[in-house]
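Here are the chains, one letter per residue:
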Amino acid sequence: QVQLVESGGGLVQPGGSLRLSCAASGFTLDSHTIHWFRQAPGKGREGISCISGNAMFTRYAHSVAGRFTISRDNAKNTVYLQMSNLKPEDTAVYYCAASRQDLYCAGGNTTVWDSWGQGTQVTVAS
């Protein structure tokens, strides 16, 4: 069974930082573009970042650009999302998803997904 597992979420104060991890089992991530999504209560999923298989291409949503940094360590079969200057509106469940089809972080409604994680909760509050 191919699987992605997110970790690193938790409770953090506004202005604080968290580092999320997305680890693969059952397959390797080197040929996969990895996207991070988040979903707040009552809201749809929001695409927030993406990194291509060789890390040559990255993408950030306007809502997180300048605050979040995506990276990957293919030797560890893991992708990271470093989040800084967190805001209450960043509170959400964060998901990672893998795609071999989306080579250049184009995203979009036609993206073919190979795997989704179960999510990790991030809560930003005083």
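Structure's up top.
Rules behind the numbers
Residues numbered from 1 in each chain as written. Predicted model: local features only at pLDDT ≥ 70, side-chain atom pairs only at ≥ 80, totals over all residues. Heavy atoms only, no water. Disulfide = S-S within 2.5 Å. Helix = DSSP H or I, 4+ residues; strand = E, 2+ residues; numbered from the N terminus. Buried < 20%, exposed > 50% of the residue type's maximum accessible area, 1.4 Å probe, protein only. Core = buried A, V, L, I, M, F, W, Y, C linked by side-chain atoms within 4.5 Å.

### A few points about the state of the cysteines
Item 1. Overall, the coordinates contain two disulfides when judged by the stated rule.
Item 2. For C22, the disulfide goes to C96, at an S-S distance of 2.0 Å. Given an S-S torsion of about 80 degrees, the disulfide between C22 and C96 has right-handed geometry. With C22 in strand β3 (residues 18-25) and C96 in strand β9 (residues 92-99), this residue pair connects regions lying 74 residues apart in the sequence. Like C22, the residue C96 is buried in the burial classification.

### Some remarks on the nonpolar core
Item 1. Of all hydrophobic cores here, the largest spans 26 residues; its most connected members are W36, L81, M83 and Y94.
Item 2. Put simply, the parts of the chain that give this core at least two residues each are β3, β4 (33-39), β5 (46-51), β7 (68-73), β8 (78-83), β9 and β11 (120-124).

### Some words on unusual backbone geometry
Trans is the prevailing form of peptide bonds, just as negative phi is the prevailing case for residues other than glycine.
Item 1. Its identity as a non-glycine residue notwithstanding, N77 has a phi of 55 degrees, on the positive side.
Item 2. Of note, N77 is situated in the loop between β7 and β8.
Item 3. With relative accessibility at 14%, the residue N77 sits in the buried group.
Item 4. Even without a glycine there, the phi angle at C105 is positive, about 60 degrees.

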